Every structure is written in structure tokens, then in C-alpha cells.
Amino acid sequence: MASENSKQFRYDGDNRIHRFLRTALISVVSISMLVMVWWVVSVAVGSPAIPAPPAVWEAFINLMNHGDRILGYTMMDHASISLRRFLFGFAIAFAVAVPLGLLIGYSKILDEFTKPVLELLRPIAPIAWAPILLFITNPTWAPILVVFVGIVFPLLTNTIFGVKKIDRNLIDAARTLGANKMQTFYKVMFPCTVPYIMSGIKIGLGIGWMCIIAAELYTQLDGGIGTFILMHTDMGNWANGFVGIIFISIMGLLTVGLAEYAHRAMVKRMGME
Amino acid sequence: MTEYIRLNNIRKVFKKDDRETVAVDDVSFTIEKGELISILGPSGCGKTTVLRMIAGLVEPTDGEVIVDGVSVREPGPDRGMVFQDFALFPWRSVRKNVEFGLEISKMPKNERKERVDRYLEIVGLTDFADARVHELSGGMKQRVGIARAMVNAPKVILMDEPFGALDAQTRNIMQAGLVEMLGKTDQTIVFVTHSVDEAVFLSDRIVILTKRPGNIKEIVSIETPRPRDRSSAEFTALRKRIHTQLEKEDVMK
């Protein structure tokens, strides 16, 4: 019966398609289990605040077809408002943290000077600044700035760390090849820190994504997924709130996944694994 | 042959946590143009420090280094350096690594390419010009390091235990390759090593340092033309003599 035996399916770890199918299958089972647990909890608790999966599915279809009729936005509007604010906050954080981090890592005196300040500011949850930021700015800028605060610290810390981890020999090599301070800085020190900056971005994006939702929950105006969730749950549309939560999850997964991929590709391209 | 590099009463004291360590104590010697001179000594004797002072990466506490009539103040492309751990730029290809110094000196692109090609050929890496550093073997990496230093046409190349991180067989191949290269150019080289065999195989002269604080114990001249036969009576006798000298410098005592 050898011929029949050979027709049986055997998992082959070296086969791309097999690996993909395996991952897909495991993911489906794993997510199904989450949905089951959610369902059980929903029934067990018996509160309208935890609707069962079918009700949320129905709400999802309804929202996708008719939009958010309370606030007057489509779901894509809400998602893109949040995403735009998030990216803007990230861009500002990047523009501040990377040059500042390079400088602090490079200059010992600046490091000593900024350290106490950074240590004091770092433990503050970014959302704690939301009331103040909302008062001095507006419902668009406050979430952007909360995201900025959330991303700027991990990115700064990673950049400083990256500069400090530079192999001294590479700097010596550049200097014996005639590079002056400025050339050493942008031809050697900066590329050396790129992998650290990228991992700072990865961490920062995760935190930033949490910040944007929290800030929008607070500001309650001008759209965004966070505002959507708050308004609908306030009015008892719990299923709609859950749709918002699922949106957060999927969009966060995509952003962080993209950053993860970019980090890996960049490190590989730079031969710095 | 004329005096090319001179070390005048070089002394280096490192200070750390209020403790002073004399790494190099009153070292003077001269190097001639086209010469390969080795600095040999027990570990921690300050041989690398001497090399780094010639490079300008370390400033002497006392004394001065003069290269071709000019006192050394800082590193410069006239003193190329080859590092034990290669110190190649991992994000650059082989070609881009070799090109680094020429890029710094703003040499025109076509001239750069020509020159890089020439030195890649000298070290036998023409086929690997576009390879990434992490794809190369240790021996190939160090050939990139040597080409990168040579491409600037330095007055002297300072080699800091350049073959120390390689396996024995590769080390022998690299030494033979260096000897072959020396036959074609009049490149001045200062070569730091702790291997007596390597020093005897390569050098015109060997500066033997004492254990810390490093001082000159003896300077040995070797007249035998390269390439040298390791199994010859002359070679083994000299190697034995230097070994005996170094054994007196037991760092454990």
C-alpha cells in the first residue's frame, strides 16, 4: 500500500505554501476562539454593554452601508480622520526626536543636561496632557499633540541608545580615511543608528495608536474612531461601539505590522541584522 | 633608504578613576620609506596604543610623532588604518567601502571608479565589488579593509593585528598575499602583531616591546628577502630567539 501512503498529505516545513496554510489555519482557529469566548461572556453577563457577535456584525453592515448617522460621517471618514491625526503626530515626533536624539547621543553634556528632564516627563501618560492641550488648541490639534507626546519619548530614547551603541572602530575608520566631524556624523553615525531609530518607530507607532483613540475619546468633537465610540456608547448603541473597537484593532495591526516589515527590510538592506 | 616616520620619546599615560596607567613609556624609533616594520610584544604592552598614536587617534602624553616631516595632530588619510575586526561599513557594498575615502576627498566619480577598480583587482575582489559585507568571509573582509586603506595612496598603512581574527589557514594565505603585494609597491607598513611567526615572515624590522609599561626591548633587522621559507634553519632560529626574548616578558609575573 506504499503508493496510497505517499498520497497522504504531509506537512513540509520547507514549503512556503504549507507554512502559509499552517499560519492561516492557526490564526483562524485562534480568532474563532476569541469570538467564542466573547459570545460566552456576552451571554453570561447578560448586559447590553456586551452585545453578542451577530449583533455587532449586523451593526457593522449597517454602518458600512449607511454611515454614522448621529455624527454625520461615514466609517471611512472616521478612520481617515484618526489615521491622519495619528500620522501627523508621528511626523512631528519624528522631526523632533531623531535630530534631538542624535545630538543628545553625540554630546555628553547635553545628555547629562536633558536626562533629568526626560526622566521626569517620561512616566507621564500622554493622555494626561489632553485636557491642557485641548484647552490651548482645538479638537484637531489636541489628539495630534497627544500622539506626538506618546511617540516622541520611545523614539528619542531609542535614537540616543543607537548613537551610544555605535562601534567606535567604525568612527575611527572613518577618521583615518579623512572624514571630518560632520562627514563622520552623517556618513557613519547616522546610518549606524538607523536600525535603532526604526525600532523606536515600531514601539512609538504602537503607543501612538493607543494615544489617538484615547485623545479622541476625550475631545469628543470633529470625528475620529475614538469620538465615534464615545458618542455611540453614550447613547446606548453598544454594538456600534464594538464596531469602533474592531476598527481600532485592525488599523493598529496594519500600522504596526507595516512598521515591523519596514524595520526588518531596512535592517536587512543595511546588512545590520 | 631615508627616514620617513619618527617617534620621539613617545609616552602615554591613561587616567581612569584617578588611577594612572603608563601604557607606553619613552618609545623612540624611526621607520624608513617602503619598509614593513612590526611591533611585537606581549598582550597589553601598548603596541596598539603606539599604532594609534601614529594614526593620530590617540594623543601622546609626551613626545611626538613625525610623518614625512609633519607632526601628527589628528587622524588623516595619509595614514591609512586596517583594523583587527575589519571595521567595514555594513550598509555599504564592497565597492562603496573601498570608495569611502575618495568620496570624502571629493574625487570626481569616473576617476573614483577607475581607482576603486584597480585596488579591488589588487586584492582580488573584482568579482565581489557589488557584494554586501556580511556575505564575505573573514579573509575577504580584511582584503576590503586593506583596499580601503590603500586606495587613498597613504604614506603609511597602520595594521592593527589585521589577521588576528582569521583562522590559521586564511592567515597564512593573507600573509602570502601581503608579501606578494609588497613586491609590487613600495608601501610603508607598520604592522602590530603578537605572533612571532607572522612578524618574522613579514617584517624588514621587528620592534620588540617589553610588558607594560611598553618600552623597546630590541629592534631586530631581517635581511632575508621575501617570500621567506618558514621551514628554513634561519627562519626557525630567529623565531626561537625572539620567543626566548618574549618569554622573559611573562605578563603573569
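Everything quoted here is computed from the prediction, not taken from an experiment. (Residues numbered from 1 in each chain as written. Chains lettered and ligands numbered in written order. Predicted model: local features only at pLDDT ≥ 70, side-chain atom pairs only at ≥ 80, totals over all residues. Heavy atoms only, no water.)

Colleague: Which residues make up helix α5 (residues 168–184) of chain B, and what values do they have?
Modeller: Residues and elements named next belong to chain B. Relative to the 24 Å expected for 17 residues at 1.5 Å per residue, α5 spans 25 Å between its end C-alpha atoms, a close match to the ideal helical length. Where α5 is concerned, the buried positions are T170, M174, Q175, L178, V179, M181 and L182. Looking at the packing, one finds that the buried side of α5 touches β3 (36–40), α3 (109–122), α4 (138–150), β7 (156–160), β8 (188–193) and α6 (196–202). (Helix = DSSP H or I, 4+ residues; strand = E, 2+ residues; numbered from the N terminus. Expected span 1.5 Å × (residues − 1). Buried < 20%, exposed > 50% of the residue type's maximum accessible area, 1.4 Å probe, protein only. Contact = heavy atoms within 4.5 Å.)

Colleague: I'd like to hear about the side chain of A:T176, residue by residue, with values.
Modeller: As for its position among the elements, A:T176 is in helix α8 (residues 168–176). At a separation of 2.9 Å, a polar atom in the side chain of A:T176 contacts the main-chain carbonyl oxygen of A:A173. Beyond its immediate sequence surroundings of up to four residues, A:T176 is in contact with B:A55, B:L57, B:P75, B:G76, B:P77, B:R79, B:G80, B:M81 and B:F83. (Polar contact = N/O pair within 3.5 Å; in protein donor to acceptor, adjacent residues only side chain to side chain.)

Colleague: Explain the pairing of strand β4 (residues 62–67) of chain B to me, and be specific about the residues and the numbers.
Modeller: Every other side chain in a regular strand lies on the same face of the sheet, so the side chains alternate between the two faces. Residues and elements named next belong to chain B. Relative to β4, strand β1 (residues 3–16) runs antiparallel, the two sharing five bridges. Opposite L7, over in β4, you have V65 as the bridge partner. Taken together, the two bridges between β4 and strand β5 (residues 70–71) define a ladder with antiparallel strand orientation. Looking across to β5, one finds that I66 is bridged to S71. The antiparallel hairpin formed by β4 and β5 contains two residues in its connecting segment, where D68 sits at a positive phi of about 50°. (Pairing = 2+ DSSP bridges.)

Colleague: Go over the pattern of salt bridges, please, and point to the residues and values.
Modeller: Following the criterion strictly, the structure yields 26 salt bridges over all chains and no others. With a shortest N-O distance of 2.8 Å, B:R52 and A:D172 are connected by a salt bridge. With one member in each of two chains, B:R52 in helix α1 (residues 47–55) and A:D172 in helix α8 form a pair that bridges those chains. Each member of the pair B:R52 and A:D172 is classed as buried. Across the salt bridge formed by B:R11 and B:D25, the nearest N and O atoms sit 3.3 Å from each other. Of this pair, B:R11 sits in strand β1 while B:D25 sits in strand β2 (residues 19–32); the two residues are 14 residues apart in sequence, bridging distant segments of the chain. Of the residues examined, B:R11 reaches a relative accessible area of 28% and is grouped as partly exposed. (Salt bridge = Lys/Arg side-chain N within 4 Å of Asp/Glu carboxyl O.)

Colleague: So what's going on with the layout of surface pockets? Residues and values would help.
Modeller: All names here are of chain A. Roughly 510 Å³ of volume is contained in the largest pocket. In terms of residue class, the lining of the largest pocket is built from 13 nonpolar, one polar and no charged. Quantified by volume, the second largest pocket comes out at close to 400 Å³. If you go around the second largest pocket, you meet 17 residues; those closest to its centre are Y106, I171, R175, K181 and T184. Going through the elements one at a time, α4 (75–106), α8 and α9 (181–219) are the ones with two or more residues in the lining of the second largest pocket. A per-class count over the lining of the second largest pocket returns eight nonpolar, five polar and four charged. (1 Å grid on protein atoms, 1.4 Å probe; cavity = no way out; pocket = protein on both sides within 12 Å on 5 of 7 lines; lining within 4 Å. Points joined across faces, edges and corners; volume = space filled by probe spheres on them. Nonpolar A, V, L, I, M, F, W, Y, C, P; charged D, E, K, R; others polar.)

What is shown is where atoms sit, not what they do.
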